[in-house]
Amino acid sequence: DTILFLTSALNGAPDKEHRLTISTLLAYEHEAHNNFGAAEALLKQCVEEVPEDSTFRIALAAHFKRRQKFDEALVWVQSAMTPERVKTGSLRFVHTEQIEVAVKAGRRDLVEASLKVLIDEPRRSNEQPLASFFLPELEQMGVDEELLTRYRALVAEERSSTVVR
């Protein structure tokens, strides 16, 4: 059983890095078996262990998003957005996650705030290109058309600059 194996590995983890990795894997395994309380507890332990890191806060947000608890997911996404935490994660990833959750929660204000950040912030060398999978939902939600136009143009620009010629 994977849960027993990971629990045993967690108990014998040699250091913090291994403990965090195994805890995350165990949380996902618990979630897959509908043990949501155990998954949430493990992810919260990770947040407590490295409160300055955005990674586990986003993992908790994703956990609540999958459970369709969008208000709770937004709390965790927004807690990951402090400047010191975003340094440890991807600014684009955090704001893309906020857009995904805010759409589900019907929070156009948060969607537009994240779009503005994504448009205004230059791409860091280690970050993925801008996401576009949520654009149809943003159009239906009535997001500011000028923002959508600017965002679409930036997505197209990034895609054309990454094409190998």
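Given the structure is predicted, the values throughout are model-derived calculations rather than measurements.

The rules we used
Residues numbered from 1 in each chain as written. Predicted model: local features only at pLDDT ≥ 70, side-chain atom pairs only at ≥ 80, totals over all residues. Heavy atoms only, no water. Axes fitted to C-alpha atoms, helices over the stretch in contact; angles between N-to-C directions. Helix = DSSP H or I, 4+ residues; strand = E, 2+ residues; numbered from the N terminus. Parallel < 35°, antiparallel > 145°, perpendicular 65-115°, else oblique. Contact = heavy atoms within 4.5 Å. Nonpolar A, V, L, I, M, F, W, Y, C, P; charged D, E, K, R; others polar. Left-handed = near helix turned anticlockwise from the far one by under 90°. Buried < 20%, exposed > 50% of the residue type's maximum accessible area, 1.4 Å probe, protein only. Polar contact = N/O pair within 3.5 Å; in protein donor to acceptor, adjacent residues only side chain to side chain. Salt bridge = Lys/Arg side-chain N within 4 Å of Asp/Glu carboxyl O. Expected span 1.5 Å × (residues − 1).

## So, the packing of helix α2 (residues 16-32) against helix α4 (residues 55-66)
Thinking step 1. Across the interface, α2 lies against α4 with an axial gap of 12 Å and an inter-helix angle of 0°. Judged by the inter-axis angle, α2 sits roughly parallel to α4. Between α2, through Leu20, Thr24, Tyr28 and Glu31, and α4, the contact on the second element is made entirely by Phe56, Ala59, His63 and Arg66.
Thinking step 2. A breakdown of the residues in the contact of α2 with α4 according to their chemical character gives 4 nonpolar, 2 polar and 2 charged.

## Regarding the packing of helix α8 (residues 108-120) against helix α10 (residues 145-161)
Two packed helices can be described by the angle between their axes and the distance between those axes.
Thinking step 1. Between α8 and α10, whose axes approach to 10 Å, the crossing angle comes to 40°. By the angle between their axes, α8 is oblique relative to α10. Between α8 and α10 the crossing geometry is left-handed. Here Glu112, Leu115, Lys116, Leu118, Ile119 and Asp120 of α8 come into contact with α10, specifically with Leu147, Leu148, Arg150, Tyr151 and Leu154.

## Quick word on the side chain of Lys65
Thinking step 1. Structurally, the position occupied by Lys65 is in helix α4.
Thinking step 2. For Lys65, a relative accessible area of 17% puts it in the buried group.
Thinking step 3. At a separation of 3.0 Å, a polar atom in the side chain of Lys65 contacts the side chain of Glu100.
Thinking step 4. Setting aside residues no more than four positions away along its own chain, Lys65 makes contact with Phe70, Ala73, Glu97, Glu100 and Val101.

## Structural notes on the pattern of salt bridges
Thinking step 1. Taken as a whole and judged by the stated rule, the model has 13 salt bridges.
Thinking step 2. Between Lys104 and Glu137 there is a salt bridge whose closest N-O contact spans 3.3 Å. Within this pair, whereas Lys104 is found in helix α7 (residues 91-105), its partner Glu137 is found in helix α9 (residues 135-141), the two being separated by 33 residues in sequence.
Thinking step 3. Look at Lys104 and you get partly exposed, because its relative accessible area is 47%.
Thinking step 4. Glu112 is paired through a salt bridge with Arg108; the nearest N and O atoms lie 3.7 Å apart. In this pair, Glu112 and Arg108 both sit in helix α8, 4 residues apart, roughly one turn of the helix.
Thinking step 5. Since its relative accessible area comes to 39%, Arg108 is described here as partly exposed.
Thinking step 6. If you follow the salt bridges from partner to partner, you end up with Glu40, Lys44 and Arg67 in one network.

## Digging into the environment of Ala61
Thinking step 1. Tracing the backbone through its elements, the reader meets Ala61 in helix α4.
Thinking step 2. Residue classification places Ala61 among the buried residues on the basis of a relative accessible area of 0%.
Thinking step 3. Each residue touching Ala61, except ones within four places of it in the same chain, is listed here: Ala73, Trp76, Val77 and Glu97.

## Focus: the environment of Ser23
Thinking step 1. Looking at the secondary structure, you find Ser23 in helix α2.
Thinking step 2. Judged by relative accessible area, which is 5%, Ser23 ranks as buried.
Thinking step 3. If near-sequence neighbours (up to four positions away) are discounted, Ser23 is found in contact with Leu10, Leu42 and Cys46.
Thinking step 4. There is a polar contact of 2.8 Å between the side chain of Ser23 and the backbone oxygen of Arg19.

## Quick word on α4
Thinking step 1. The end-to-end C-alpha distance of α4 is 17 Å, a good match for the 16 Å that 12 residues give at a rise of 1.5 Å each.
Thinking step 2. Within α4, 10 of the 12 residues are buried, which leaves the element mostly enclosed by the surrounding structure.
Thinking step 3. Among all positions in α4, only Phe56, Arg57, Ile58, Ala59, Leu60, Ala61, Ala62, His63, Phe64 and Lys65 are buried.
Thinking step 4. Residues of α4 that are buried make contact with α2, α3 (36-49), α5 (70-79), α6 (83-86) and α7.
Thinking step 5. Looking one or two residues beyond α4, the residue adopting positive phi is Gln68, at roughly 60°.

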